[in-house]
Amino acid sequence: EFRRVLFRSHTYTSVVNNIPHINVISEEHDVEKVDLDKIQLPSMSSEEIDSIVVEDTFVHPQEISVWIDPLDATQEYTENLRHFVTVMVCVAVNGNPVIGVIHKPFEKVTAWGWAGPNYKSRTVEEDSKANLASEPNLSTSRIIVSRSHAGEVNGTARAALGEGITVTPAGGAGYKAWEVIKGAQDAYVHTTLIKKWDICAGNAILNSLHGKLTTLKGESIDYSSGADGAEKNTGGVLATMHHHQDYVDKLSNLEVALKSKKH
């Protein structure tokens with residue numbers, strides 16, 4: 001528990017201290033203070049990034065919002081289901097998710113993508129190759145959903161898409177987005193309120209691959225502000241690499257169908 005608090009505090013504080021002019025929104029920003037001098041700072045450069053990113057983009061600090069989730073899948077972490085656990089950072093410019101990083105700390109592997117120039121990590125390149133070449137049949141779709149409401153989505157999604165679909169429960173929004181990115185799942189569906197730091201990084205990486213992450217009604221999600229309440233996304237989540245509008249057409253009523261459910 002001490003290591004988790006230490007890491008969370010270090011993640012938020014180090015960003016705020018080193019880049020004070022940008023808007024940083026984090027799940028953890030009011031934790032106990034720790035002596036950051038005792039924590040080894042990571043390298044400020046990456047051989048992989050330096051080899052892929054060939055030019056910089058200059059953006060006014062006031063246009064930038066950084067969304068940080070220092071420990072996604074907290075419940076799964078406590079249950080020792082550590083393959084679901086990720087650390088996520090997302091950079092949004094004028095509300096648009098541009099740079100996303102998803103790190104699996106227990107597997108020591110990182111996925112990142114920069115939408116616009118569409119730079120992406122070697123991990124994402126390798127994971128997404130087969131996905132980019134194949135398009136799913138909606139009637140046999142593989143849908144990944146939260147462990148907490150898999151049963152409800154299972155029944156409603158089958159009614160919308162057909163009995164041939166497969167619904168897989170999983171923990172962690174970062175994990176679920178990554179499963180879609182690499183083609184292990186065809187769509188990530190979430191039907192209840194979710195915080196934007198849970199989905200911004202996956203959104204940015206999907207954008208870099210020309211995939212999509214939207215509300216269930218197909219609306220873009222605005223990541224521009226961390227004002228009170230602005231960190232909440234209440235429209236559900238749909239993430240895909242293919243046929244996004246077709247999924248929207250089929251699943252847009254899913255949020256309404258489950259709105260009265262309590263989780």
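Quick notes on the rules
Residues numbered from 1 in each chain as written. Predicted model: local features only at pLDDT ≥ 70, side-chain atom pairs only at ≥ 80, totals over all residues. Heavy atoms only, no water. Pairing = 2+ DSSP bridges. Helix = DSSP H or I, 4+ residues; strand = E, 2+ residues; numbered from the N terminus. Contact = heavy atoms within 4.5 Å. Axes fitted to C-alpha atoms, helices over the stretch in contact; angles between N-to-C directions. Expected span 1.5 Å × (residues − 1). Buried < 20%, exposed > 50% of the residue type's maximum accessible area, 1.4 Å probe, protein only. Arc of directions from axis to C-beta. Core = buried A, V, L, I, M, F, W, Y, C linked by side-chain atoms within 4.5 Å. Disulfide = S-S within 2.5 Å.

Undergrad: Kindly report on the sheet that holds strand S2 (residues 64-72), identifying the contributing residues and their values.
TA: Within a beta sheet, neighbouring strands are joined by backbone hydrogen bonds and run either parallel or antiparallel to one another. With respect to topology, six strands assemble into an open sheet ordered S1-S2-S3-S4-S5-S6, the strand pairing being mixed. Looking at the sheet topology across the chains shown, the edges are occupied by strand S1 (23-26) and strand S6 (119-120). By the bridge criterion, seven bridges tie S2 to strand S3 (residues 86-93) in an arrangement that is antiparallel. Bridging across to S3, Val 66 finds its partner in Val 91. Contacts between helix H6 (residues 173-181) and the sheet are confined to S2, S3, strand S4 (96-104) and strand S5 (109-114), with S4 contributing the most and set at about 100 degrees to the helix. Across the sheet, helix H7 (residues 200-208) lies against S2, S3, S4, S5 and S6, angled at about 110 degrees from S4, the strand it touches most.

Undergrad: How would you explain helix H5 (residues 150-161) if you had to name every residue and give the values?
TA: Helical periodicity: at 3.6 residues per turn, an α-helix aligns residues three or four positions apart in one direction. Under the 1.5 Å per step criterion, the end-to-end length of H5 is 15 Å for twelve residues, consistent within 8% with the ideal 16 Å. What H5 keeps buried is the set Ala 150, Val 153, Ala 157 and Leu 161. One face of H5 carries all of its buried residues, which in axial projection span an arc of 60 degrees. Exposed side of H5, more than 90 degrees from the buried face: Gly 151 and Ala 159 are the residues found there. Within two residues after H5, Gly 162 carries a phi angle of roughly 120 degrees, on the positive side.

Undergrad: A description of the nonpolar core should follow, citing residues and the corresponding values.
TA: Within the largest apolar cluster, 35 residues are counted, with the highest numbers of intra-cluster contacts made by Trp 67, Tyr 188, Ile 199, Ile 205, Leu 206, Leu 213 and Tyr 223. Mapped onto this core, the elements with two or more residues apiece are S2, S3, H6, H7 and strand S13 (237-240). When residues no more than four places from it in sequence are discounted, the contact partners of Leu 206 are Val 180, Ile 181, Gly 211, Lys 212, Leu 213, Ala 239, Thr 240 and Met 241. Membership of the second largest hydrophobic core comes to 17 residues, among which are Ala 157, Leu 161, Ala 187 and Leu 251.

Undergrad: Can you explain the state of the cysteines? Please cite residues and give values.
TA: Should the sulfur atoms of two cysteines be covalently bonded, the bond is a disulfide. Inspection of the entire model under this criterion finds one disulfide. In this model Cys 90 forms its disulfide with Cys 200; the gap between the sulfur atoms is 2.1 Å. Across the disulfide from Cys 90 to Cys 200, rotation about the S-S bond amounts to roughly -50 degrees, and the bridge is consequently left-handed. Taken together, the residues Cys 90 in strand S3 and Cys 200 in helix H7 connect sequence positions 110 residues apart. A residue is classified by how much of its surface remains accessible, and Cys 90, at 1% relative accessible area, is buried. Of the residues examined, Cys 200 reaches a relative accessible area of 0% and is grouped as buried.

In short, the description is geometric, and any link to function would need to be established separately.
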